[in-house]
Amino acid sequence: MRTALVRRALLTASGASLALLATACGPSDGAGAEQDAKPSAAAPSPSPTPEAKALTAAELEKLTLADGDVRDVKIAKAGADDVAKAAEVTTDKPECTALAQAGGLAPVGAAVTTTERIGVGKPSDPADPMSVSATSVQLASYDGKGAEEALASLKAAGQACGGGFTTTAKGEKTTVKSVTPSAVTAGDEAAAWTIATEDEGEALNSQMVAFRKGNNLVVVHTVRFDAKPPSAQAFIDAQVKKLG
């Protein structure tokens, strides 16, 4: 997750927006942004056909997470500083490009339409602004089998880049120390990784989850700023529900 996004999340958690976070509402099923990861049950559907068409921007917007979809999380549209274009993301290892793009909120593969949201969780300790998590969610729609191909590229990058890599997004450099696969079930097919990074000298751990539903691809990336393990599960569950 890029430095600008992390800084903004901390400012949100420690500033006047804390009152909004404290009153953020969400589903009544008890799912929380900081629960331990649990697999999401989903019945697989057929792969997209070559003739499948991407959703329009208006159609995709209706399926995008909104404030109130995740309990105790304030969700807002990502700012221009948070979202990179594919050409604005570079790495020292070309085989890691897909992961680097996902981490920079750049579209992976040949996405036709995308939406991006940022969710900031309620601090578990109101006196400690570091006891908070921030999550980016990108929903992308593709023509044909583009979503399958994009997810395949992320899986390949996850396998090839376990030892880490260096990436620059919109001029901001991040050192990825390690990429470790983790188990996840969501949508029609999914992959997940625990990612250890060093950003401007600060060590952070995050969880990235990518899953496909038809010809749409979701990338959820959650980072915590304290010692607790990050979990993207509440966002996964909410987005699966939204996609239907």
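In case you missed it, the structure is sitting above this.
Residues numbered from 1 in each chain as written. Predicted model: local features only at pLDDT ≥ 70, side-chain atom pairs only at ≥ 80, totals over all residues. Heavy atoms only, no water.

## A look at helix α5 (residues 146–160)
Condition: Put simply, DSSP H or I for four residues or longer makes a helix, DSSP E for two residues or longer makes a strand, and each gets a number counted from the N terminus. Residue count minus one, scaled by 1.5 Å, sets the expected span of a helix. The classification of residues rests on relative accessible area computed with a 1.4 Å probe and restricted to protein chains. Under 20% of the type maximum is buried, over 50% is exposed, and intermediate values are partly exposed. By definition in these notes, contact holds between two residues if any of their heavy atoms fall within 4.5 Å.
Helix length check: α5 (15 residues) gives 21 Å between terminal C-alpha atoms against 21 Å at 1.5 Å per residue, within 8%. Every buried residue of α5 is listed here: Gly146, Ala147, Glu148, Ala150, Leu151, Leu154, Ala157 and Gly158. Of the surrounding secondary structure, the elements contacted by the buried residues of α5 are α4 (97–103), β6 (172–182), β7 (189–199), β8 (202–213) and β9 (216–224).

## As for unusual backbone geometry
Its identity as a non-glycine residue notwithstanding, aspartate 72 has a phi of 60 degrees, on the positive side. Tracing the backbone through its elements, the reader meets aspartate 72 in the loop between α3 (57–63) and β1 (73–77). Of note, the phi angle at lysine 170 is positive, near 50 degrees, even though the residue is not glycine. As for its placement among the helices and strands, lysine 170 is situated in the loop between β5 (165–169) and β6.

## What to know about the pairing of β7
Here is the rule: When DSSP locates at least two bridges between a pair of strands, those strands are taken to pair.
The pairing of β6 with β7 spans 7 bridges and is classified as antiparallel. Each bridged residue has a counterpart across the sheet, and for valine 176 the counterpart in β7 is threonine 197. Pairing of β7 with β8 involves 11 bridges; the strand directions are antiparallel. Residue pairing across strands places isoleucine 195 opposite serine 206, the latter belonging to β8.

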